[in-house]
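Coordinate analysis (summary)
Listed here are the chains, written in short residue letters.
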Amino acid sequence: MAKLGTAKRPIVVQVQSEEKAGYVAEVCEENNWIFVLGMEPGKPEDLSDLERMLHPVAPAQSNKISRNSPCPCGSGKKYKKCCG
């Protein structure tokens, strides 16, 4: 899947006012993101793609314990020789 904000997968935004449209255009142009902007006063706004680009989710970290790490039970032994 193409990266969001590129020509193959532009940011799609729906706004209700010219002020919000100007803000979206300014932010996207500052970051060199490709975007498609729709402005209809009667429809609800959808800024989810823009929010996703402005506040990316950090990747999840693994809680896996290495075999040679100290055992979390506090015995002082390596995990593979104790609880592993």
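The text that follows walks through the structure, step by step, so that each part is easy to find. (Residues numbered from 1 in each chain as written. Predicted model: local features only at pLDDT ≥ 70, side-chain atom pairs only at ≥ 80, totals over all residues. Heavy atoms only, no water.)

1. Quick look at the overall build of the chain
The secondary structure content of the chain amounts to 2 helices and 2 strands. Here the chain has a C-alpha radius of gyration of 23 Å; the compact-globule value for 84 residues is 12 Å, and the former is much larger. Overall size of the chain, expressed as C-alpha extent along the three principal axes, is 65 × 25 × 20 Å. Across the 84 residues that make up the chain, the buried fraction comes to 20%. For the chain, restricting intrachain contacts to residue pairs at least 6 apart in sequence, the fraction spanning at least 24 positions comes to 48%. Surface exposure of the chain reaches about 6,500 Å², of which carbon and sulfur atoms provide 51%. (Helix = DSSP H or I, 4+ residues; strand = E, 2+ residues; numbered from the N terminus. Rg over C-alpha atoms; globule rule 2.2 N^0.38 Å. Buried < 20%, exposed > 50% of the residue type's maximum accessible area, 1.4 Å probe, protein only. Contact = heavy atoms within 4.5 Å. Areas by Shrake-Rupley, 256 points an atom, 1.4 Å probe, with all protein chains shown as cover.)

2. What to know about the pattern of salt bridges
Taken as a whole and judged by the stated rule, the model has 2 salt bridges. For the salt bridge of Lys-20 with Glu-45, the shortest nitrogen-to-oxygen distance reads 3.9 Å. On the criterion of sequence distance, the pair formed by Lys-20 in helix H1 (residues 18–30) and Glu-45 in the loop between strand E2 (35–39) and helix H2 (48–54) is long-range, its members being 25 residues apart. Where Arg-52 meets Asp-49, a salt bridge forms, and the shortest distance between an N and an O atom there is 2.8 Å. Taken as a pair, Arg-52 and Asp-49 lie in helix H2 at a separation of 3 residues, close to a single helical turn. Since its relative accessible area comes to 45%, Arg-52 is described here as partly exposed. (Salt bridge = Lys/Arg side-chain N within 4 Å of Asp/Glu carboxyl O.)

3. Overview of the pairing of E2
In summary, the side chains of a regular strand alternate between the two faces of the sheet. Looking at chain direction, strand E1 (residues 11–15) and E2 are connected through 5 bridges and run parallel. Its bridge partner lying in E2, Val-15 is registered against Met-39. Handedness of the crossover is the feature at issue here: the chain leaves E1, passes through H1, returns alongside E2, and the resulting connection is right-handed. (Pairing = 2+ DSSP bridges. Right-handed = clockwise from strand over helix to strand, strands pointing away.)

These values are about where atoms sit, not about what they do.
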